[in-house]
Amino acid sequence: MNQALDNLRKVIDNGLCTRCGSCVGLSEGKIQFTDKTGKYLPLIRQKPDNELAEKLWESCSGKKVDFPALEQFVFNDQGNYHQYLGTYRGLYIGFSRDNIIRRKAGSAGIITTTLIWLLNKGLIKGAVVLGMSETEPWMNKPYIATTPDEIINAAQSKYTISSVNELLPEIKNFKGDLAYVGLPCQVHSIRKMQAAGFPEVKNIKYIIAPFCGLNLHFSSVISFLKAHGEKNYREIKNIQYRHGEWPGNMRVEMKSGKIFQLPKFHANYLIPFHMIKRCIYCIDASNEFTDISVGDAWAPVYEKRGEGFSFVIVRSEKGEKIAQQMVRDGEIDLQPIDIQQAIKMHSHMYDNKKRGAFIRMKRARFAPYYNVSFPENISFNRKLFETALNLINTILRMKVVIRIFELLPPRTIGIVFDRFKVFWKKLTYNVKRNKL
Ligand SMILES: Cc1cc2nc3c(=O)[nH]c(=O)nc-3n(C[C@H](O)[C@H](O)[C@H](O)COP(=O)(O)OP(=O)(O)OC[C@H]3O[C@@H](n4cnc5c(N)ncnc54)[C@H](O)[C@@H]3O)c2cc1C
């Protein structure tokens, strides 16, 4: 048995596959995703030879992502470092100065505006982005955008599995430099391949990408429809996860003309039922190996205003040059914030990724390896809290429980979930904020 192939199989069989798509993209058709609306797992259809198997294993972001080694490779000890944020040169609240993009985007259009600016300046010839499929409008689809319109069409967050790195053959054959947008697990794989000198990723010159708390299975969309009394996701004409004024709505338009919509914070009720198991072991909230990474500016002062605000982390020297020039060109607005404000804005996510994930990994039979030591600031109560959370999540993921929730009116569940979240945050405030 080939050891690399064996490792890959273990990742798939033990729930560690991130679905980044790299093994599929590199495999010359030997590995394929089978059921993208179901478990969305890679299936090894034809055994790769030893050399290819080694390559596939090297690219895999499921098990081994050596954070200190990638830190060194990407940033070469340049910039500031914080254990929660990774390497950074600047922390900002920002938004695109193009109001149409700002409104159409996930939070404030920083990623879309940056990609268009790079294209217009001739610094790239294309951008790897994730749009929606034209033929199957319920599914997302990665592509290389070569015009501003194609970049704008990919704006907005898609909260279901996206195997962007399936596009590796197109990326390899693309004539010219590229910017790349992907989730942290997808970026981990890209950086691993760049560090190993893979020709498939040599075109990628900039990584401008979103934060990620977690992602969901497609079953979340199916469940959302069922709760609204619709059975067939193939009748979807258009789906947007952040439609309208920030923070936006999950909005599904059916071919029949019916529209189902819930505010983002209410649609978040789908999270505990449909989140991907691998995400509970991820320790990278803010896409630490990018040039610039962008999340939502979750703070009452911005949430009250609507409009769209992002928390922007400028990380690399390249990223800093781009950001500064874009501000001078009047493309984006960036206001510096200090590290305490930055952590406070995402304290829930940092606690979850930088403490919760470590507790979960320690308790798991088969866990990822990040070459990062177990944090010292985890109290006994925090560990106890993790046990309770695990129990709640296990119950909520049971098929029968999911089915019961599908029978309840989604608007009511959304409101109850949102209120419960506020109560839960208050209840767990001390345990989660302690020593953060
Ligand atoms: C699954 C997911 C989870 C997230 N979780 C959090 C969170 O917990 N906290 C937080 O602050 N922010 C989170 N974000 C980031 C946030 O939703 C916005 O994407 C981010 O603020 C960038 O906003 P923007 O307006 O600049 O992006 P836009 O200008 O709208 O551009 C978004 C870009 O992201 C790409 N993209 C969208 N969805 C995906 C995807 N699923 N996979 C790969 N690429 C994609 C598109 O190609 C597009 O180019 C998450 C995003 C995603 C996709």
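Rules behind the numbers
- Residues numbered from 1 in each chain as written.
- Predicted model: local features only at pLDDT ≥ 70, side-chain atom pairs only at ≥ 80, totals over all residues.
- Heavy atoms only, no water.
- Helix = DSSP H or I, 4+ residues; strand = E, 2+ residues; numbered from the N terminus.
- Rg over C-alpha atoms; globule rule 2.2 N^0.38 Å.
- Buried < 20%, exposed > 50% of the residue type's maximum accessible area, 1.4 Å probe, protein only.
- Contact = heavy atoms within 4.5 Å.
- Areas by Shrake-Rupley, 256 points an atom, 1.4 Å probe, with all protein chains shown as cover.
- 1 Å grid on protein atoms, 1.4 Å probe; cavity = no way out; pocket = protein on both sides within 12 Å on 5 of 7 lines; lining within 4 Å.
- Points joined across faces, edges and corners; volume = space filled by probe spheres on them.
- Nonpolar A, V, L, I, M, F, W, Y, C, P; charged D, E, K, R; others polar.
- Near = heavy atom within 4 Å.
- Polar contact = N/O pair within 3.5 Å; in protein donor to acceptor, adjacent residues only side chain to side chain.

Caption draft 1: Quick look at the overall build of the protein chain. Looking only at helices and strands, the protein chain has 19 helices and 15 strands in total. Against the globule reference of 22 Å for 436 residues, the protein chain gives a C-alpha radius of gyration of 21 Å, in line with a compact fold. The dimensions of the protein chain, computed from C-alpha atoms along their principal axes, are 55 × 55 × 50 Å. Sorting the 436 residues of the protein chain into buried and exposed places 56% on the buried side. Counting only contacts in the protein chain whose residues sit at least 6 apart along the sequence, the fraction spanning at least 24 positions is 72%. Entry remark: accessible area of the protein chain is about 19700 Å², with carbon and sulfur atoms responsible for 53%.

Caption draft 2: Highlighting the layout of surface pockets. The computed volume of the second largest pocket comes to approximately 460 Å³. Gly 131, Met 132, Ser 133, Glu 134 and Asn 153 are the residues nearest the centre of the second largest pocket, which is lined by 19 residues in total. Looking at the lining of the second largest pocket, the elements that each hand over two or more residues are strand E6 (126-132), strand E7 (140-145) and strand E10 (236-243). Residue contributions to the lining of the second largest pocket peak at five residues, all from E10. Tallied by class, residues from the lining of the second largest pocket come to six nonpolar, eight polar and five charged.

Caption draft 3: Here's a closer look at the site of the ligand. The environment of the ligand is formed by 35 residues, the closest being Ser 107, Gly 109, Thr 112, Leu 130 and Ser 157. Leu 130 has a polar backbone atom sitting 2.7 Å from an oxygen atom of the ligand. Elements represented by at least two residues in the shell around the ligand include exactly helix H6 (110-120), E6 and strand E13 (292-296). Looking at the shell around the ligand residue by residue, the classes come out as 19 nonpolar, 13 polar and three charged.

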